[in-house]
Amino acid sequence: MKTFRLNKAKYTLIGATIAVILGTAGCTTDASTSGQTETKSEAAAYFDTSLPMQERVKDLVSRMTLEEKIAQMYNDAPAIERLKVPAYDYWNEALHGVARAGNATVFPQAIGLAAMWDKALLHEIATVISDEGRAKHHYFKNAGITARYTGLTYWSPNINIFRDPRWGRGQETYGEDPYLTGELGVEFINGLQGDDDTYLKTAATAKHFAVHNGPEITRHSDNYVVSDKDLYETYLPAFEKAVVEADVEAVMCAYNRVNDLPACGSDMLLKEVLRGKYQFDGHVMSDCGAIADFYDPKAHNVTGAPAAAAAWAVTSGTDLNCGTGRLSSFANLNFAVQKGLISETLIDHAVERLFMTRFKLGMFDPDEQVGYASHKMDEVGSDEHLALTQKATERSLVLLKNNGVLPLKKDVKVAVIGPNADNRDVLLGNYNAQPINPVTVLDGIQDYIGEDAVTSAPGSALIADVYGHWQVLDSDVLFHTNENGERVAGLKAEYFEVATLPVTDFTNTHTKSKIIGEARASEVLSSLELYREVSPVTNKVLDDFGMVVSGELVPETSGTYRFDGEGEVAIDGEVVSGAITLTAGQSYDISVTKIFATDQLTNTDHRMRAKWQMSWLNTSEALLDNAKAAAKDADVIVMAVGISPRIEGEEMPVKLDGFNYGDRSSIDLPAEQSALIKAMEALGKPVVLVNFSGSAMALNWEQENVDAIVQAFYPGEATGTALARILWGEVSPSGRLPVTFYHNLDGFAAFDDYDMTNRTYRYFDGDVLYPFGYGLSYANFSYSGLNAPEALSAGNDLTLSFTLENDGEMDAEQVSQLYVSMPDAPVDTPKVALKGFTRTAVNAGESTQVSMVVPAEELVYINDKGDKVPYTGALHVSVGNGQPQFAADGEVVKTVITLQ
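Observations concerning the overall build of the protein chain
Inference 1: Looking only at helices and strands, one finds 21 helices and 45 strands in the protein chain.
Inference 2: On C-alpha atoms alone, the protein chain measures out to a radius of gyration of 28 Å, which is about the 29 Å that the 2.2 N^0.38 rule sets for 900 residues.
Inference 3: Its C-alpha atoms give the protein chain principal-axis dimensions of about 90 × 85 × 50 Å.
Inference 4: Here the protein chain holds 900 residues, and 60% of them are scored as buried.
Inference 5: A separation threshold of at least 6 residues defines the contact pool for the protein chain, and within that pool the share at least 24 residues apart is 75%.
Inference 6: Of the roughly 33,000 Å² of accessible surface on the protein chain, a fraction of 47% belongs to carbon and sulfur atoms.

Structure, rendered in structure tokens:
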């Protein structure tokens, strides 16, 4: 710490003197730098695949100028043509499917994957994601495309701890427990990175290092103060497993400060812990814009100039600057070298680590030598992959309540009610791909029992004027005149070339695309949705094009309508910027203009958003009255309620009652939906509630009054199919909560207080609605015959076994959970702590023996200095259907083992 404070003073003082001249300082290279005009030949050592990769990397980096090396430290690294180094953008996402690169299989959001409590299945899912990622990468590579979201460096998984239910990004995590998060993180990383002895399949990234889980709105300026005990007991264990057990290739440092230092400039985190204790040898990247936060007056503001911030970050161990949107702070490293803020040797080391990743991925070797390069695009969204996501969804759904109404009978009439009943958003979560075959709740139930047995209505908005029941405009209301002068269904779509034009806004010059010339191609769209990986104008992959869709709009119902989607909508020649009143049966001229190209101002490549649609809804509809009418003749009401990734997520411009810029200030359901649920319950029919959310909800009234509750999280593209199979008993629910569901937020510390006192199941003292690990089944499982040692010497693994019996009438899978407590430790320890789990399939009326092993390294406690200390004394052990204090008789077996 003392050393850092001296360095910080150096950066701060020098930053103050150089801030004025940075604007004119260029990234010039000293004349003595070698290789200015070097022409690389195929005989260069870095192309010799017989040499060790480290030797090849050093050879390549040694040939670069300082300016070239610095440019390779940007997330969007440019080509070095003289060395035949292609451009590469490190930014790619694969949280629960290959994201933001067009169609791909969408698995449950990470919090839903955690609810499976299934390491083997998660590994299989990550393997499929990396299969599809490899296929997409080589498809784009063969088309000459190196844009963002086409690479093999995935900024996943998010292994932060979901310590507070208010965090909007908690949906991206594996929940609130360090052990569960670490175990699942290892499986996901291994599935992404593959098992080849020479090459990485893809490069996984463990993020956000460290002590990072909200609030979103202040993450660029917050300083989180944590004790050594909390740091090593809660916030770091998952990262240790990611590095030590899974050999994760990359780590992303967080926006926030930790104990006064920016995470991307913390010697303690990056040098002492990551590269020291954990012996991490991969590369570290900043979260996007995090280095600029060092000197931004509205953020951390801990140094005076970009050059000082860049030198600070690299010296601490940050190798790559994601600076997109705020440009790259590392562009100032040349000046920092000139002023003695950093040595070129440290830059060499950073660039070598970055290229080591690219070499491990086989990017400088012939494809035929890299086995992973053989994956093809026909694997993306294959039948096998879609079956796997359905399986994952079935295992992720958590049954919270059932008074006997479930499973449903097949001959029932069902009303599907709620703002999430036909809402694709809640299938996907955030950091998602475009789904191959999205099945909403309404779709799935209609497919299962037939459309004639189903009525539906949204019933309410999600909250305020945020709706979930947007519908794609289709041929029921869209028409055009064909070449024969006939009025036919659908709209005419015409495709055009686009030109890139310079635009000046104040002092900034950038480019913007504009449609030019005559239409080069056309077709008729039966609905306003499109998927185009190949330009209809040039027939090239992801090439720019513009689109104008035109014809007539004839609404079936009068009302006030809103449109939702990318593109400019015009009605009768007037651009629509808000709500518009339309009359049933009246014909309106409609046109939609959309450009698929790169916006140079925001550096957003809209071509990668290959899926496009335009939706609408009638905001003047009598939602509650229509829901009552839809439910009138139903036997059962299935309600799809909750929230959505449109109102919880990452640093969002959403400020509503209970929602605060992506986070939540309340865990209650929105008032509109509470009123809807009560209105449906008052009809006297059985109500099955399906809650969609990425975080815990206070379903207090619902627990007391509705007949069954299913927690869905954001369950992937097969949601409707999987849910129907659960509701009608094709498969027994087996998901378990990876977070605690609380009654309310009473007694919670401030959101930005990172002390773990009274947080998560391990430390919470109050009553809870549904505990961590909770979930019901249609089967009836019991535990007996625990076989465990009476005593165990320190340093030995704990092995135990038990009998698991399914004395119900249905084949099912059961998640068995092993918890320990350490009452004899000389410091405070968790009340109980998860130390093992396993999933077992047991047929109805049968039993099986199950064995579990707790590694010796898990039988430790963390002292006040953050050290791991082998525990001695009475170890209280329980195995069963959840935490011991919540399990019913027969659902758990317990013992006390003396550790000595």
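And the narrative resumes.
Concerning the sheet that holds strand E11 (residues 454–457)
Inference 1: Here six strands make up an open sheet; going across it, the order is E9-E33-E32-E28-E10-E11 and the pairing mixed. The open sheet has two edge strands with one neighbour each: strand E9 (398–402) and E11. Averaged over all adjacent pairs, the angle separating strand axes in this sheet is 15°, with direction ignored.
Inference 2: Seen against the sheet, helix H18 (residues 671–681) touches strand E10 (414–417), strand E28 (636–642) and strand E32 (687–692) and runs at an angle of roughly 170° to E28.

Concerning the nonpolar core
Inference 1: In this structure, Phe209 and Phe355 are the most contacted members of the largest nonpolar core, which totals 145 residues.
Inference 2: Setting aside residues up to four positions removed in sequence, Phe355 forms contacts with Val57, Leu60, Val61, Met64, Gln72, Val85 and Phe364.
Inference 3: Listed in part, the 76 residues of the second largest apolar core include Ala634, Val638, Leu676 and Ala696.

Observations regarding the sheet that holds strand E12 (residues 471–472)
Sheets are built from strands paired through backbone hydrogen bonds, the pairs being either parallel or antiparallel.
Inference 1: Read from one edge of the open sheet, four strands run E12-E27-E19-E22, paired in antiparallel fashion. Every interior strand has two partners, whereas the edge strands, E12 and strand E22 (580–582), have only one.
Inference 2: Of the pairings in the sheet, the one linking strand E19 (residues 559–564) to E22 comprises three bridges and is antiparallel in character. Counted as the bridge partner of Thr560 is Thr581 from E22.

Regarding the packing of helix H17 (residues 623–631) against H18
Inference 1: Close contact between H17 and H18 brings their axes to 11 Å; oriented N to C, the two are set at 30°. Judged by the angle between their axes, H17 and H18 are roughly parallel. Between H17 and H18 lies a crossing whose hand is right-handed. Residues Leu624, Ala627, Lys628 and Ala631 of H17 form the contact with H18, whose participating residues are Leu676, Ala679 and Met680.
Inference 2: Here the residues of the contact of H17 with H18 are counted per class, giving six nonpolar, no polar and one charged.

Quick look at the state of the cysteines
Inference 1: Enumeration according to the criterion identifies two disulfides in this entry.
Inference 2: At a sulfur-sulfur separation of 2.1 Å, the disulfide partner of Cys253 is Cys264. Linking Cys253 and Cys264, the disulfide has an S-S dihedral of approximately 105° and is accordingly described as right-handed. You can see Cys253 sitting in strand E5 (residues 250–253) and its partner Cys264 sitting in the loop between strand E7 (261–262) and helix H9 (267–277), a full eleven residues away along the chain.
Inference 3: Relative accessible area serves as the criterion here: at 0%, Cys253 is assigned to the buried category.
Inference 4: Residue pairing for Cys288: its cysteine sulfur links by disulfide to Cys322, the two sulfurs lying 2.0 Å apart. Between Cys288 and Cys322 the sulfur-sulfur dihedral comes to about 85°; the bridge is accordingly right-handed. With a gap of 34 residues between them, Cys288 in the loop between strand E8 (283–286) and helix H10 (292–295) and Cys322 in the loop between helix H11 (306–316) and helix H12 (333–338) connect regions that are remote in the sequence. Across the pair, exposure class does not vary: Cys288 and Cys322 are buried alike.

Digging into the pairing of E8
Inference 1: Of the two faces of E8, the one lined by His283 and Met285 and the one lined by Val284 and Ser286 are each fully buried.
Inference 2: Bridge analysis of E5 against E8 gives four bridges, and the strand direction is parallel. Counterpart to Cys253 in the pairing with E8 is Ser286.

Some words on the pairing of strand E44 (residues 873–880)
Inference 1: Among the eight residues that make up E44, seven are buried, leaving the element largely enclosed by the rest of the structure.
Inference 2: In terms of strand pairing, strand E39 (residues 812–821) meets E44 through five bridges, oriented antiparallel. Within the sheet, the bridge partner assigned to Val820 lies in E44 and is Val877.
Inference 3: Where E44 lies against strand E45 (residues 892–899), eight bridges are found, and the strand directions are antiparallel. Opposite Ala874, over in E45, you have Thr898 as the bridge partner.

A word on the packing of aromatic side chains
Inference 1: Inspection of every chain in the model, using the stated rule, returns 29 aromatic pairs.
Inference 2: Taking the centre distance of 4.4 Å and the plane angle of 20° together, the rings of Tyr561 and Trp616 count as stacked. Taken together, the positions of Tyr561 in strand E19 and Trp616 in strand E27 (residues 615–618) put the pair 55 residues apart, joining distant regions of the chain. Each member of the pair, Tyr561 as well as Trp616, is classed as buried.
Inference 3: With 5.9 Å between their ring centres and 45° between their planes, Phe748 and Phe764 make a pair best called tilted. Pair noted here: Phe748 is in the loop between strand E34 (741–742) and helix H21 (760–763) and Phe764 is in the loop between H21 and strand E35 (768–770), with a separation of 16 residues, a long-range link. No difference in accessibility class separates Phe748 from Phe764, as the two residues are buried.
Inference 4: An aromatic cluster is built from Trp117, Tyr179, Tyr761, Phe772, Tyr819 and Phe837, whose rings are joined through pairwise contacts.
Inference 5: The ring of Tyr431 carries the charged tip of Lys207 above its face, separated from the ring centre by 4.8 Å.
Inference 6: One Lys or Arg, Lys594, reaches over the ring of Phe596 and ends 4.4 Å from the middle of that ring.

Some details on H17
Inference 1: Those residues of H17 that sit buried are Leu623, Ala627, Ala630 and Ala631. Relative to the axis of H17, the buried residues are bounded by an arc of 90° and lie together on one face. Those residues of H17 that are exposed and aimed more than 90 degrees away from the buried face are Asp625 and Ala629.
Inference 2: Where H17 is buried, its residues meet E10, E11, E28 and H18.

Here's the deal with the environment of Leu60
Inference 1: Tracing the backbone through its elements, the reader meets Leu60 in helix H2 (residues 53–62).
Inference 2: Under the relative-accessibility criterion, Leu60 is labelled buried at 0%.
Inference 3: In contact with Leu60, other than residues within four places in its own chain, are Tyr46, Leu83, Val85, Phe355, Phe359 and Phe364.

Points about a negative patch on the surface
Inference 1: Together, Asp228, Asp828, Asp864 and Asp867 line one region of the surface with negative charge.
Inference 2: Inspection of the secondary structure puts Asp228 in helix H7 (residues 228–235).
Inference 3: Judged by relative accessible area, Asp228 falls into the partly exposed class, the value being 38%.

Observations concerning the packing of helix H6 (residues 178–193) against helix H8 (residues 237–244)
Two quantities define a packed helix pair, namely the angle between the helix axes and the distance between the axes.
Inference 1: Where H6 contacts H8, the two axes come as close as 8 Å, and the packing angle between them is 25°. Classified by the interaxial angle, the pair formed by H6 and H8 is roughly parallel. When the axes of H6 and H8 are compared, the crossing they make is right-handed. Side by side, H6 and H8 meet where Pro178, Tyr179, Thr181, Gly182, Glu183, Val186 and Ile189 of the first sit next to Pro237, Ala238, Lys241 and Ala242 of the second.
Inference 2: Of the residues contributing to the contact of H6 with H8, the split by class is seven nonpolar, two polar and two charged.

What counts, and at which threshold
- Residues numbered from 1 in each chain as written.
- Predicted model: local features only at pLDDT ≥ 70, side-chain atom pairs only at ≥ 80, totals over all residues.
- Heavy atoms only, no water.
- Helix = DSSP H or I, 4+ residues; strand = E, 2+ residues; numbered from the N terminus.
- Rg over C-alpha atoms; globule rule 2.2 N^0.38 Å.
- Buried < 20%, exposed > 50% of the residue type's maximum accessible area, 1.4 Å probe, protein only.
- Contact = heavy atoms within 4.5 Å.
- Areas by Shrake-Rupley, 256 points an atom, 1.4 Å probe, with all protein chains shown as cover.
- Pairing = 2+ DSSP bridges.
- Axes fitted to C-alpha atoms, helices over the stretch in contact; angles between N-to-C directions.
- Core = buried A, V, L, I, M, F, W, Y, C linked by side-chain atoms within 4.5 Å.
- Parallel < 35°, antiparallel > 145°, perpendicular 65-115°, else oblique.
- Left-handed = near helix turned anticlockwise from the far one by under 90°.
- Nonpolar A, V, L, I, M, F, W, Y, C, P; charged D, E, K, R; others polar.
- Disulfide = S-S within 2.5 Å.
- Phe/Tyr/Trp six-rings, centres within 6.5 Å; stacked < 30°, edge-to-face > 60°.
- Lys NZ or Arg CZ within 6 Å of the ring centre and 35° of its normal.
- Arc of directions from axis to C-beta.
- Patch = residues over 30% accessible without salt bridge, like charges linked within 9 Å, V, L, I, M, F, W, Y side chains within 5 Å.
- Salt bridge = Lys/Arg side-chain N within 4 Å of Asp/Glu carboxyl O.
- Lys, Arg positive; Asp, Glu negative; His and termini not counted.
- Charge placed at Lys NZ, Arg CZ, Asp CG, Glu CD.

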